[in-house]
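What the coordinates show
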Amino acid sequence: MLNSLLQAAIIINVLASTVRIATPLLLGALGELVTERSGVMNLGIEGTMLLSSFVAFLVAFETNSIILAICAAMLTGAFMSLIMAFMASTMKVDQTVTGLSLNLLASGISLFWYRVAFKGTDTASIPTIQTMGTFKIPVLGNIPYLGQIFFNQGLLTYLAFIMVPVIAFFLYRTYTGLAIRSLGENPRAVDMKGINVTRLQYLSVIFGGVMSGLAGSFITIGTTVRFLPEISAGRGWLALVIVIAGNWRAGRILLAALLFAFMDAFQLQLQGIGIQIPFQILLAAPYVLAIVVLMANRARSLAPSHLGIPYIREEG
Amino acid sequence: MNPFGKINFEKREDVSPIGRTLAIVIALIAAMLVSAILIKLANASPLDAFVNLIKGAFGNKRAVLETLTKSTPLILTGLATVIAFRGKIWSIGQEGQFFLGAMGGYWAYRIFAGLPAAALIPIIMLAAFLTGAMGGMVAGLLKAYFNVDVIISTVMGNYIIDYFLSFMLSGVGPWREAGSYYQQTAPIAANAYYPILFANARLHMGFLIAIACSMIVYLILNHTPFGYQLRAYGSNPRAAKFKGININKIIIVTMFISGGLAGLAGTGELFGVQYRLRPDLSPGYGYTGIIVAMVAGLNPIGVIPAAILFGALINGSAQMRIATGVPTALTSAIQAIVLLSLLSAQVLTRFRVRRVEHAE
Amino acid sequence: MAQNNNPENKKNQQETFVIETFQLTKRFPLVLANDKVDINVRRGEIHCLLGENGAGKTTLAECLYGFYKPEEGEIHFNGECCNLSSPNDAIHLGIGMVHQHFVLVEPLSVIENIVMGTDHKGFLLDFAATEKKLESLCELYDVKINLHAKIWQLSVGEQQWVEILKALYTGVQLLILDEPTAVLTPPEADRLFSVLQRMKSEGLSIIFITHRLKEVMQVSDRVTVLQKGKKIATVNTKDVTTEELAYMMVGRKVVFSVHKDEVKRGDSILQINELVAKSDMGLEALHGINLILHQGEILSIAGVAGNGQKELFEVLVGVRKALAGDITLEDKKITNNSPRMIANKGISHIPDDRIGAGLIADFSVEENLILGLEENPPYRKGLFLDKKYIRKFADESITQFDIITPSMKQRTSYLSGGNLQKVILARELRQSLKVLIANQPSRGLDVGVIEYVHKQLLEMRRHGVGILLFSEDLDEIFTLSDRIAVMFKGKILKIYDAQEADLESIGLLMAGIVDKET
């Protein structure tokens, strides 16, 4: 069995899958990184991804346009996170409960809408769409081995990986990034400088929502031809774990995302080989890994100090 | 008009009972309005839909009893949420612990199947409570000793438990009904059924157990040192620590109780209603329990009417679908809308909105 | 508005005032913080705002800084009416503020903190220009600070300098300092005063907020006294005495010391031996503390924040681990006992962070009075709380300690600081008390309550309780102590008997300056 696994083709396949599977995790986590750096913990990523994936699917189905589908998904993400920003930053309500509510809302609405939109279709003809497909990068895509792994992926995948240095640069080398990092640690300091704390938090949260929307769109139009209820399957939660495991740093988030994606790609390959382990154990592996990763990660030295705490100005 | 920073929210310190009830009423109205829109999108008449919803839930004695039957697991998962959330322990594991309880009860049933009902049923309930409680306790231990957020460990746990159940009911698993292609166990024998309370209806003993649990949780929260410590920890963990409250003990014991209550819900559904262990034993009772608890204001007695409300929603939606064709999935949407409306309404009644004027 | 009988006079006046307020009123939901306040500050003067805690000094300053918007009244800066809708506006006018509780971002560096939010070209951070400007400022005022150090690595005094640099960097004309000496050793405070004089000669105007009369006399040209939101008077400092200022501040004659009677010191009751502990950041904060506390004595720990007091307090309470050394209570070792065990053995504490560590804001007064006692009979009977007994206890406590509250069921978030402290006192000062650890017991309280707190502490002392007092207030230390221990960088440098101690030597020790001759 080990022999069959170690064949070059299979290794490449697993690694290429890893890169692909990491895409929504990375997009979601990077978006949430910015959100959390501004002090808001958006637990609604899972729901945002789910609803966005459905909207992307629906728009792709109705219009056959990938671009429209992606835009619709981004808008959905922005809308969901707008609710979060409003509740967290303006109303200063408990962020945990709001996030959970958003997840439940997305579950309910996506299921309901799916049933309504595709009422009357029998199980034989489950609605499907054309997926995005891959785009081979010229020259780089021809490198043996590496080309197949990294440079023969979907556009959203390239975007996800490019965003890693982009976001790191944004946070550490720009004035806005500095303000956002300060906001999550000490919002009063930012307020005292005359920066509009609320506006900055809105921008950060909505950015996170748009990224989650992109992640959601990838789940449907990026990979699968059909929509299933709860298709997001915990990826939003994994994105949250990845932010923590990455200790709020873009580079480490990339590593954590690849780790989880690898686990998923690996177990898929094992299933394909027909290994004698019940497939449920393999499917459960990423979730167990998440818990293990958090157990090993007690330090969390870089968590924004004011994360999850609403900022109220007047103590008078 | 710049929406950012020109509006001042002054926190109102006193939330009167009137204010709180007003919040719930506002929430329900908002939910109805949004639901009406959704129903229209489903090409049905909102009025028809609502009428049938109510008819299905409360139309006759049988309907009312069925509503109460549907509310039974919700009371328990609601209580599981209340006790955890009062300590700001954000457990989302009710769904998973529900199944743990069902599995634990089923496992005990298989072992002690020969016993008469009077002995068998208490054993099943105890096993269910303990299994669910263990599940909850694991999350508590992970938080206490490894600082793993309860939210994440319970959500991950839900997935893991789901896969585990799937395995147990799969072709290679030990519990599948012999010869069946479906993921389900053989039917439960009659001597393990929860006693039915009324003839010709499905309302079972689990309902009484749920009511009793509600009172027990109330007593725990308000009349015991443990409940005091739990509430103190939820409100100000730092002060709790300084004044000697054993934080780890609070977290672990609370999660133990919470998991156990959710476990009782699961076994109630299995031995009281469905009589077969299947992955769809719960249509999301765990998650709905969270909403029930929030609507109840995290009050253990208030969980009962809140659970009945949502039980009515679930029960009535079947009739609604038959009569108007609106998918029962609407209930999931409505539940979430009620929760969000309630959150917003609570905030609005808690805060006075004051526009800050420019000094001219 | 302003009195302007003589237009030419007014013009002259306006030209010498850097900032003026007219009938400035600021209201909060529960309190009228500033009530029709008229003040003016001359250009190039050091102007003190004097008042008790809660008099409205900080609120007034925040209005001048644009952080709060006054409900009524006007602010004129350099003669022109200005509408400050945010600190941004104030900063652009040339008003800077150093807050009492620093608003610094701890994980970031000095230069990042200063640069954040300032005017800039483009969106990329450019530190080079900032560094140059800051270096010349540091040279001008003779300040040595590592611009790339992270804030958490700096001492409190250095952090205050970052706050001052923040204001200087944007080019202030008017610098407002809110209780700056609260966190400084006496030598550091003196240095600050000389820097302020230097700034004055550079043309800056300064508003100095304080409740300490000595400082007012020492540093200011004029002083405005506030009391309960109203302005009482503005006077030239050289024309007034501390007694007169005190009277204006409080509204009645103030007795400056509480009568402390002779109490015979008893046996040693608490021994702390070579105690070692780490701070939150993982650095060693206590390097071997040695103290002996006796029955019937008040032993004070003098020292500014950041020298290990927090860690020592937390180890004694039981919420921080001692890595080495031990603590002995009446011959029994209690090192690293849990907080509950420590409390049950007769050691109580008054935390410096009342609301964060001593009370549950959402709980009622009644419930707060049993915090920490809920597992002990008679508050508990069997499995349940004995509500009847608790109610009786609450009733008695409220009466005995004169806690002002509409009812015992009132949520404590409504209570004033003084009443909150009384709730804590009612709870902690029990019959069976052996040791009381009081951490900054008068912080944030007005004179009347401070007097009350001191009376209670002395009462406990009379009953033979051993009291360990952490305090940043040297007046309080000299008023109450039998012995004074000076703590610096995690060590006890010296322990004085109260009669032998003088302010100057203690002040030097607090700054770590050990007199080679003693």
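All values derive from a computational prediction rather than experimental measurement.

From N to C terminus, chain C includes 18 helices and 22 strands. Taking 24 Å as the expected radius of gyration for a compact globule of 518 residues, we find that chain C reaches 25 Å, a close match to that expectation. Its C-alpha atoms give chain C principal-axis dimensions of about 75 × 50 × 50 Å. Here chain C holds 518 residues, and the buried ones make up 44% of them. Of the contacts formed within chain C by residues at least 6 apart in sequence, a portion of 68% connects residues at least 24 apart.

This paragraph deals with the interface of chain A and chain C. The interface is formed by 19 residues belonging to chain A together with 22 residues belonging to chain C. Mapped by element, the contributors of at least two residues to the side of chain A that touches chain C are helix H8 (175-185) and helix H9 (187-192) of chain A. The leading source of residues in the side of chain A that touches chain C is H8(A), at seven residues. For the side of chain A that touches chain C, the residue count by class is seven nonpolar, six polar and six charged.

All names here are of chain C. Read across the open sheet, the six strands follow the order S16-S19-S20-S13-S21-S22; overall the sheet is mixed. If you trace the sheet from one side to the other, it starts and ends with strand S16 (347-350) and strand S22 (491-497), each paired once. Along the sheet, successive strands turn relative to each other by an average axial angle of 20 degrees, direction set aside. With five bridges joining them, strand S19 (residues 435-439) and strand S20 (residues 466-471) adopt parallel strand pairing.

Listed per partner, the contact involves 40 residues of chain B and 36 residues of chain A. When contributions to the side of chain B that touches chain A are tallied by element, the ones reaching two or more residues are helix H1 (17-41), helix H5 (117-146), helix H6 (150-168), helix H11 (285-295) and helix H13 (330-350) of chain B.

Residues and elements named next belong to chain C. Segmenting chain C into domains produces domain 1 (7-250), domain 2 (258-346 + 432-518) and domain 3 (354-427). Every contact between the two is made by seven residues of domain 2 and, on the other side, five residues of domain 3. Ranked by residues supplied to the side of domain 2 that touches domain 3, first place goes to helix H16 (residues 447-462) with three residues. For the side of domain 2 that touches domain 3, a count of residues per class yields four nonpolar, two polar and one charged.

Residues and elements named next belong to chain C. Pairing within the open sheet is antiparallel, and its four strands lie in the order S2-S1-S4-S5. Each edge of the open sheet is held by one strand with a lone partner, namely strand S2 (32-42) and strand S5 (80-82). Neighbour-to-neighbour, the strand axes of this sheet turn through a mean angle of 25 degrees, independent of strand direction. Sheet topology places strand S1 (residues 17-27) next to S2; seven bridges connect them, and they run antiparallel. By the bridge assignment, Thr 21 is partnered in S2 with Ile 39.

With that out of the way, let us pick up the pairing of strand S14 (residues 324-329) of chain C. Residues and elements named next belong to chain C. Two elements, strand S11 (residues 268-278) and S14, share five bridges in a ladder whose sense is antiparallel. Its bridge partner being in S14, Gln 271 is matched across the sheet by Thr 328. Pairing between S14 and strand S15 (residues 332-333): two bridges, direction antiparallel. By the bridge assignment for S15, Leu 329 is matched with Lys 332.

All names here are of chain B. Relative orientation of the contacting elements helix H4 (residues 94-112) and H6 amounts to 35 degrees, with a least axis distance of 8 Å. Considering the relative orientation of H4 and H6, their crossing is left-handed. Mapping the contact onto sequence places Glu 95, Gly 96, Phe 99, Leu 100 and Met 103 in H4 and Thr 154, Gly 157, Asn 158, Ile 161 and Leu 165 in H6.

All names here are of chain C. Looking at the element boundaries, Gly 171 is found in the loop between helix H6 (156-169) and strand S7 (174-178). By C-beta crowding, Gly 171 is classed as exposed, having 11 other C-beta atoms within 10 Å. For Gly 171 and Ser 85, which are 86 residues apart along the polypeptide, the C-alpha to C-alpha distance reads 19 Å.

Moving on: the pairing of S22(C). Residues in a regular strand project their side chains so that they alternate between the two faces of the sheet. All names here are of chain C. Bridge count for strand S21 (residues 483-488) against S22 is six bridges, and the pairing is antiparallel. Each residue of the ladder has a partner; that of Ile 484, found in S22, is Tyr 496. The antiparallel pairing of S21 with S22 creates a hairpin that spans two residues between the two strands, and Lys 489 there sits at a positive phi of about 45 degrees.

Attention now moves to the nonpolar core. In this structure, A:Ile242 and A:Ala257 are the most contacted members of the largest nonpolar core, which totals 374 residues. Not counting the four nearest positions on each side in its chain, A:Ala257 is found in contact with A:Ala22, A:Leu25, A:Leu26, A:Ala29 and A:Ile242.

On average, chain C scores 89 in pLDDT, and the residues at 70 or more come to 95%. Scoring of the predicted complex yields 0.89 for pTM and 0.87 for ipTM.

Rules used throughout
- Each chain carries its own residue numbering, running from 1 in the direction its sequence is written.
- Following the order in which they are written, the chains are lettered starting with A and the ligands numbered starting with 1.
- Owing to the predicted nature of the model, reporting of local features is limited to residues with pLDDT of at least 70; listing and counting of side-chain atom pairs is limited to 80 or more, with chain, interface and lining totals taken over all residues.
- Only DSSP runs of H or I with at least four residues qualify as helices, and only runs of E with at least two residues qualify as strands; both kinds are numbered from the N terminus onward.
- With C-alpha atoms as the basis for the radius of gyration, the globule rule is written as 2.2 Å multiplied by the number of residues raised to the power 0.38.
- Counting other C-beta atoms within 10 Å of its own, a residue is labelled buried from 20 upward, exposed at 12 or fewer, and partly exposed in the gap between, with every C-beta atom placed from the backbone.
- Contact between residues is assigned whenever the C-beta positions, reconstructed from backbone atoms, fall within 7 Å.
- Side-chain classes follow a simple rule in which Ala, Val, Leu, Ile, Met, Phe, Trp, Tyr, Cys and Pro form the nonpolar group, Asp, Glu, Lys and Arg form the charged group, and the remainder, Gly included, forms the polar group.
- Pairing between two strands is assigned when DSSP locates at least 2 bridges connecting them.
- Axis angles are defined between N-to-C directions and span 0 to 180 degrees, where every axis is a line fitted to C-alpha atoms and, for a helix, only to the segment in contact.
- These domain boundaries are the output of an automatic or database domain assignment.
- Helix crossings are classified by the rotation of the near helix relative to the far one: an anticlockwise turn of less than a right angle makes the crossing left-handed, while a clockwise turn makes it right-handed.
- What we call a nonpolar core is a set of buried Ala, Val, Leu, Ile, Met, Phe, Trp, Tyr and Cys residues whose membership is set by joining through C-beta atoms within 7 Å.
- Across the chain, each position has a pLDDT score giving the predictor's confidence in that residue, from 0 to 100.

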